[in-house]
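Descriptive analysis of the structure
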There are 8 protein chains.
Amino acid sequence: MYLSGEIHTDWRERIERGAAESGLDVEFGSPVTDHAASDSVGATILGQQDRSFWNDNLGAGVNAIRTRTLLERADVVVVRFGEQYRQWNAAFDAGYAAALGKPLVVLHPEGHDHALKEVDRAALAVAREPEQVVDILRYVLHGLLPAPLTSRP
Amino acid sequence: MYLSGEIHTDWRERIERGAAESGLDVEFGSPVTDHAASDSVGATILGQQDRSFWNDNLGAGVNAIRTRTLLERADVVVVRFGEQYRQWNAAFDAGYAAALGKPLVVLHPEGHDHALKEVDRAALAVAREPEQVVDILRYVLHGLLPAPLTSRP
Amino acid sequence: MYLSGEIHTDWRERIERGAAESGLDVEFGSPVTDHAASDSVGATILGQQDRSFWNDNLGAGVNAIRTRTLLERADVVVVRFGEQYRQWNAAFDAGYAAALGKPLVVLHPEGHDHALKEVDRAALAVAREPEQVVDILRYVLHGLLPAPLTSRP
Amino acid sequence: MYLSGEIHTDWRERIERGAAESGLDVEFGSPVTDHAASDSVGATILGQQDRSFWNDNLGAGVNAIRTRTLLERADVVVVRFGEQYRQWNAAFDAGYAAALGKPLVVLHPEGHDHALKEVDRAALAVAREPEQVVDILRYVLHGLLPAPLTSRP
Amino acid sequence: MYLSGEIHTDWRERIERGAAESGLDVEFGSPVTDHAASDSVGATILGQQDRSFWNDNLGAGVNAIRTRTLLERADVVVVRFGEQYRQWNAAFDAGYAAALGKPLVVLHPEGHDHALKEVDRAALAVAREPEQVVDILRYVLHGLLPAPLTSRP
Amino acid sequence: MYLSGEIHTDWRERIERGAAESGLDVEFGSPVTDHAASDSVGATILGQQDRSFWNDNLGAGVNAIRTRTLLERADVVVVRFGEQYRQWNAAFDAGYAAALGKPLVVLHPEGHDHALKEVDRAALAVAREPEQVVDILRYVLHGLLPAPLTSRP
Amino acid sequence: MYLSGEIHTDWRERIERGAAESGLDVEFGSPVTDHAASDSVGATILGQQDRSFWNDNLGAGVNAIRTRTLLERADVVVVRFGEQYRQWNAAFDAGYAAALGKPLVVLHPEGHDHALKEVDRAALAVAREPEQVVDILRYVLHGLLPAPLTSRP
Amino acid sequence: MYLSGEIHTDWRERIERGAAESGLDVEFGSPVTDHAASDSVGATILGQQDRSFWNDNLGAGVNAIRTRTLLERADVVVVRFGEQYRQWNAAFDAGYAAALGKPLVVLHPEGHDHALKEVDRAALAVAREPEQVVDILRYVLHGLLPAPLTSRP
């Protein structure tokens, strides 16, 4: 299971903790979530460039070695859109996963519903909270329902 | 091996028991066969909707995360059509498996022969009883024939 | 556009007539809808068999030459489920189209909602009446909306 | 050539006009760019729902029939990110096109460089102005260079 | 439609003539059926070799440029096995077509039934006479049945 | 590694023994090589039919569950053509493997060179003796050459 | 037919002229063969960079829009290696075409035989002179042999 | 990870040693790097031919069994171009990997920048020294940056 998108809150930890507490046998992958490392990796390894465009280009290439491999190997792809930032790489990953036919779960607050309607339409589930993703995993792996929740897509 | 279709008789257990008794090393997958859980999972995890159409839609999405993953991983797909109900999802799975080029085994009573002719034509074997599926597995894995049966396709 | 499924009402004619009246440039394909011809084609061309199972098998093979070719060439696949019969080949075609990634439109009365939830979930639109399919085509081809309808998915 | 993304400026017209003035034989496709029609199409054709989430879901489905077909048929995909809005569907289309291996051209102002670095990395060209896309087309089709420009990626 | 296999009888002409007489709009492709040209083409164009193995190798390469292209473009592949010769290239083409998911029609005398059982199983129709292939085409294209035949698969 | 084709000599044993003696870590798959079991499996498990054609059809279906799965999983496919019989299923497997892009090794006596030229052309190696296949394996896995042989392709 | 590789001799013209003289109905594609335009296109359209590495990178991106599209559409790919230069893009195109399963014809002088052995092995024909490619086309399209040549692969 | 290309320096050892020293869990594959064995394998196993062209052809076939299998299995492909020789097989492998969508890392001295621009453009990273590849691996697997380097792409 590949966890793409927002890197500024603890949603990945909440999913991984929930899965562990439920005894679910799932392997999680994610992009490098150290923002500074992710931004500087290209220039650091391959050489500092004169324009930031090319530093970004080098870094995006190195990161893509990781993200595409994990995404293509994943059985399920979860993409989280947070409250802030443009998060175009999250939407890019969602499109990439959709074109590969990967089961897609999207996680975002209700306020993004209209702006994310195309992404949501391509998903097999739209959740609000990481715990719902854990519930989905528990059901998908073991057929077990959680106690009813009140949150809604 | 993915066991799709009818969830109201013990055909899956008969195949799994037969495989175990014959010492066959096969891993079986199936949809969630708890009918009530399967019907309510969408609304329970993702939120109750005002129309049953959308509750079904949410549930079908969550179930598809499981079924498509198992179906795409399977080496062989068995689809069982029982005596009752419309079982359109069984035929949908058969079509999905056929398009993926998965070897397909169909299991149904003789009374469905005419109505299932397109599905049967896409299959590599049409059986009547779960024990025949065990016989096929034993042959396919170890080249061993059963004692002759009298049942017919 | 491939029109699969029920062959006992005039839904194909209603879509084709509506498309023609709207001046839409669409080519329609369908299975052979002459029920008697479709059932007897295998035995007629390839030889009468002793068991009806094999006559059906021969006929399903010949029909599949037509249906798979049209289905794989189609840009959009519409599958209609009528009030009667089991229509497993319709659900099989829907699964086949879904696995190929074809945009799928499903057409059926509200009474089938629960039984068809897996098929509906795999579709990009669920309609009740053939005229809605014409509306979808007009929008998809020319971006034009119809006057609002009152029917609901 | 499929022109995805921003629908609030005249960038598509500038590309189409430039291509026509250069006598380039290119067929352009785009999503429905009438914003109101695009937002309301689902509810209008398939029925008004109680929650806006489901109206959006219906509309996104109908629009996807158009956009996926055009995108999968295109030889080249251009995605434009404008100054405003989140434009997640643009990034989704870019990811979808990238996974299909379509040659991708991205068009956006310099201010988006860092936020779009993953998308830019997946592209074969990053341009600032629609006229550069026309220049690319003229070169790609006829091997002709424009007079040198001063704008930079 | 690609007509593979035996090149020593007039079966291709019988199919093409029958299709023309029925007014069927079908384009036929075939390997080069001039046996001498087909055998010598490699050495003639690319240079005579010291061993016949390499002359055959060169010729098979040039012929494959034609046959694979036609086979991959065909909507339907017909493979004929005659009374004589080993015709391994016919069986090779049948396997190639089957792996590509092409609808396959096999044409051979009853005496080959047991030896060709794997090939027949992969086909959507097994016919004895070229005229049956014309009947299949007429039905597949126009839904028309022939007068009943007495030959059997 | 899948070993397809002739089942009347000990060529599979010679390859497996040679690989074992060289300490090569290879897993071998093959069709069911018990000729009587392979011929009767369909009728025995799925029911005796009135015509041998249908008994063969049932058997070929069950065998295909095994052979296609092994063939699609194999990293390398070896196909052996013996001195006798028509062996069309061997050529069919070779075509199937070629269309899947599997590395193909063909094994046959020199007398078949001309008749097998299309199959040989699709192969990455043409060998005469099973021991050459062991030599290829040893080289491919460990980069080790055998002592020079005198046999020729 | 896509003509990749060397751009400093008239081999493309010789093939196109020969095809025209033989009345062959073939459409030829090629990279932009104006060396100066091809090298400067990136910087000219997308902006001059501070390092030649990035100018080359921009140019290679724009050229790839043309070359990949033509290569993926081609039925046959011809790659010519001339006497001079490293011509790595020619070998890259050959590898790309081979992975796509395109029939590949390689054209080069005898002196390159050893260095190009991997590329030649992936080809369906290895020719020395452009006229041999015309001969191949004439045979592949019309089954006609040329007068015997004396040149050898 | 597949390490293709130049076989005359110790770049593979430097990557493997660096990966081991960093405790990276990576499995490396490569072509047979014993030049003499690689050149003679075809003739040695399959028989000496009269022309060196065919000896090369036999050897390239046997080597391709290894290289294609490793390349298709690899998650990342590294291709190294050294100072000497034409190394067309390295460029061929790069094109093959690009067409398969494998993440590609290219390793070459600055002097090759212009000649390799098409290959570099298809890569996700262009490095100068094997140690940079180790840095990329360490980052991709564990998100760890090295101390800043001064070398540049």
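Above this note sits the structure.
Structural notes, computed from the coordinates. Keep in mind the model is a prediction, meaning the values are calculated, not measured.

Digging into the relation of the copies chain H and chain G
- Overlay of chain H on chain G (RMSD 0.0 Å): rotation 180°, translation along the axis 0.0 Å. Such a turn and shift between the copies fits a two-fold axis.

Focus on the sheet that holds strand 2 (residues 77-80) of chain F
Residue and element names in this part refer to chain F.
- The sheet built from four strands is open, its strands ordered 1-2-3-4 with parallel pairing. With one partner strand each, in any of the chains shown, strand 1 (2-5) and strand 4 (125-127) form the two edges of the open sheet. Taken over all neighbouring pairs, the strand axes of this sheet differ in orientation by 20° on average, direction set aside.
- When strand 2 meets strand 3 (residues 104-107), the two strands line up parallel, connected through four bridges.

A look at the pattern of salt bridges
- Summed over all chains, the structure comprises 64 salt bridges over all chains.
- Here Lys117 of chain D ties to Glu118 of chain D by a salt bridge, and the two come within 3.7 Å at their closest N and O atoms.
- With relative accessibility at 10%, the residue Lys117 of chain D sits in the buried group.
- A salt bridge links Arg14 of chain F to Glu131 of chain F, with the shortest nitrogen-to-oxygen separation between them at 2.7 Å. Of the two residues, Arg14 of chain F sits in helix 1 (residues 11-21) while Glu131 of chain F sits in helix 6 (residues 130-142), which places them 117 residues apart along the sequence.
- On the accessibility criterion, Arg14 of chain F (23% relative accessible area) is partly exposed.
- Assessed through its relative accessible area of 34%, Glu131 of chain F is described here as partly exposed.
- One continuous salt-bridge network, built from bridges that share partners, spans Arg14, Glu129 and Glu131 of chain A.

Things to note about the packing of aromatic side chains
All names here are of chain G.
- This model, assessed by the stated rule, comprises 28 aromatic pairs over all chains.
- With a centroid separation of 6.3 Å and 35° between ring planes, the pair formed by Phe92 and Tyr96 is classed as tilted. Of the two residues, Phe92 and Tyr96 both sit in helix 4 (residues 88-99), four residues apart, roughly one turn of that helix. This pair shows no difference in class: Phe92 is buried, exactly as Tyr96 is.

Observations concerning the interface of chain F and chain H
- With 23 residues of chain F in contact, the opposing surface of chain H contributes 21 residues.
- Here chain F packs against chain H, burying approximately 1,800 Å² in sum over the two surfaces, 66% of which is carbon and sulfur.
- On the chain F side of the contact with chain H, Leu124, Tyr139 and Val140 of chain F bury the most area, a combined 34% of that side's loss.
- Our enumeration of links across chain F and chain H arrives at one salt bridge.
- For Arg73 of chain H, the salt bridge is made with Asp75 of chain F, and the minimal N-O distance between the two is 2.2 Å.
- The interface formed by chain F and chain H includes four residue pairs in polar contact (both at pLDDT 80 or more).
- Every element with two or more residues in the side of chain F that touches chain H is listed here: strand 4 and helix 6 of chain F.

What about the relation of the copies chain F and chain H?
- Each copy of the sequence occupies a distinct position, and chain F is placed on chain H by a rotation of 90° and an axial shift of 0.0 Å, giving an RMSD of 0.0 Å. Overall, the copies show the geometry of a four-fold rotation axis. When each C-alpha of chain F is compared by its distance to the rotation axis, Arg73 of chain F comes out closest, at 8.8 Å.

Some details on the arrangement of the chains
- Separated throughout, chain A and chain E approach each other most closely at a C-alpha pair spaced 20 Å apart.
- A minimum C-alpha distance of 18 Å separates chain C and chain G, which share no contact.

Thoughts on the pairing of strand 2 (residues 77-80) of chain B
Residues and elements named next belong to chain B.
- Side chains Val77 and Val79 project from strand 2 onto one buried face, and the interleaved Val78 and Arg80 project onto a second face that is buried too.
- Bridging between strand 1 (residues 2-5) and strand 2 involves four bridges; their strand directions are parallel. Note that in strand 2 the partner of Gly5 across the bridge is Arg80.
- Each parallel crossover has a hand, and for strand 2 linked through helix 4 (residues 88-99) to strand 3 (residues 104-107) it is right-handed.

A closer look at the pairing of strand 3 (residues 104-107) of chain C
Residues and elements named next belong to chain C.
- Residues Leu104 and Val106 of strand 3 are buried on one face, and the alternating residues Val105 and Leu107, pointing to the opposite face, are buried as well.
- Sheet topology note: the strand 3/strand 4 (residues 125-127) ladder contains three bridges and is parallel. Paired with Val106 across the strands is Val126, a residue of strand 4.

Some points on the interface of chain H and chain G
- In this assembly, 37 residues from chain H lie in contact with 37 residues from chain G.
- Note on chain H versus chain G: buried area summed over both sides is about 3,500 Å², and carbon and sulfur give 64% of it.
- In terms of surface lost to chain G, no three residues of chain H exceed Phe53, Trp88 and Phe92 of chain H, which account for 22% of the buried area on that side.
- In this structure, the connection of chain H to chain G is made through two salt bridges.
- For the interface between chain H and chain G, the tally reads twelve residue pairs in polar contact (both at pLDDT 80 or more).
- Sorting the residues of the side of chain H that touches chain G by element identifies helix 3 (52-73), helix 4 (88-99) and helix 5 (117-121) of chain H as the ones contributing at least two each.
- The element that contributes the greatest number of residues to the side of chain H that touches chain G is helix 4 of chain H, accounting for nine residues.
- Partitioned by chemical class, the residues of the side of chain H that touches chain G number 18 nonpolar, seven polar and twelve charged.

Remarks on the side chain of Arg138 of chain F
All names here are of chain F.
- When you line up the elements, Arg138 lands in helix 6.
- Overall, the relative accessible area of 18% leaves Arg138 in the buried class.
- If sequence neighbours within four positions are ignored, Arg138 has contacts with Ser22, Leu24, Gly143, Leu144 and Pro146.

Regarding the environment of Arg66 of chain A
- Inspection of the secondary structure puts Arg66 of chain A in helix 3 (residues 52-73).
- Judged by relative accessible area, which is 13%, Arg66 of chain A ranks as buried.
- In this structure, the C-alpha to C-alpha distance between Arg66 of chain A and Leu3 of chain A, residues 63 residues apart in sequence, is 13 Å.
- Within the structure, the side chain of Arg66 of chain A is placed 2.8 Å from the backbone oxygen of Val140 of chain H, a separation counted as a polar contact.

With respect to unusual backbone geometry
- The phi torsion at Tyr85 of chain E lies on the positive side, around 65°, for a residue other than glycine.
- Within the secondary structure, Tyr85 of chain E sits in the loop between strand 2 (77-80) and helix 4 (88-99).
- Of the residues examined, Tyr85 of chain E reaches a relative accessible area of 52% and is grouped as exposed.
- One non-glycine residue, Gln87 of chain F, lies in the positive phi region at around 55°.
- Mapped onto the fold, Gln87 of chain F is located in the loop between strand 2 and helix 4 (88-99).

Observations regarding helix 1 (residues 11-21) of chain D
Residues and elements named next belong to chain D.
- Within helix 1 the residues assigned to the buried category are Trp11, Arg12, Ile15, Gly18 and Ala19. Summarising the axial view, the buried residues of helix 1 lie within an arc of 135°, below the 170-degree limit, and thus occupy one face. Away from its buried face, by an angle of more than 90 degrees, helix 1 presents the exposed residues Ala20 and Glu21.
- Where helix 1 is buried, its residues contact strand 1 (2-5), strand 2 (77-80), strand 3 (104-107) and helix 6 (130-142).
- In the segment just after helix 1, Gly23 is the residue with positive phi, at about 65°.

Points about the sheet that holds strand 2 (residues 77-80) of chain C
Residues and elements named next belong to chain C.
- Sheet architecture is open: four strands sit in the order 1-2-3-4, paired in parallel fashion. Both outer strands of the open sheet, strand 1 (2-5) and strand 4, are each paired with one neighbouring strand and no more. Each adjacent strand pair in this sheet contributes to an overall mean axis angle of 20°, direction not counted.
- In this fold helix 1 (residues 11-21) packs onto strand 1, strand 2 and strand 3, with an angle of close to 160° to the strand it touches most, strand 1.

Points about the environment of Val26 of chain E
All names here are of chain E.
- With respect to the helices and strands, Val26 occurs in the loop between helix 1 (11-21) and helix 2 (35-46).
- A sequence separation of 35 residues divides Val26 from Gly61, and the C-alpha atoms of the two residues are 28 Å apart.
- What Val26 contacts, discounting residues up to four positions off in sequence, is Met1, Leu137 and Leu141.

Let's talk about helix 2 (residues 35-46) of chain C
- Within the span of helix 2 of chain C, buried status applies to Ala37, Ser38, Val41, Gly42, Ala43, Thr44, Ile45 and Leu46 of chain C.
- Packed against the buried residues of helix 2 of chain C are helix 3 (52-73) of chain C together with strand 4 (125-127) and helix 6 (130-142) of chain E.
- The N-terminus of helix 2 of chain C is capped by Asp34 of chain C, whose side-chain oxygen sits 3.2 Å from the backbone nitrogen of Ala36 of chain C.
- At the C-terminal side of helix 2 of chain C, Gly47 of chain C shows a positive phi close to 110°.

Analysis parameters
Residues numbered from 1 in each chain as written. Chains lettered and ligands numbered in written order. Predicted model: local features only at pLDDT ≥ 70, side-chain atom pairs only at ≥ 80, totals over all residues. Heavy atoms only, no water. Least-squares fit on C-alpha atoms with pLDDT ≥ 70 in both. Pairing = 2+ DSSP bridges. Helix = DSSP H or I, 4+ residues; strand = E, 2+ residues; numbered from the N terminus. Axes fitted to C-alpha atoms, helices over the stretch in contact; angles between N-to-C directions. Salt bridge = Lys/Arg side-chain N within 4 Å of Asp/Glu carboxyl O. Buried < 20%, exposed > 50% of the residue type's maximum accessible area, 1.4 Å probe, protein only. Phe/Tyr/Trp six-rings, centres within 6.5 Å; stacked < 30°, edge-to-face > 60°. Contact = heavy atoms within 4.5 Å. Buried area = accessible area lost by both parts, 1.4 Å probe. Polar contact = N/O pair within 3.5 Å; in protein donor to acceptor, adjacent residues only side chain to side chain. Right-handed = clockwise from strand over helix to strand, strands pointing away. Nonpolar A, V, L, I, M, F, W, Y, C, P; charged D, E, K, R; others polar. Arc of directions from axis to C-beta.

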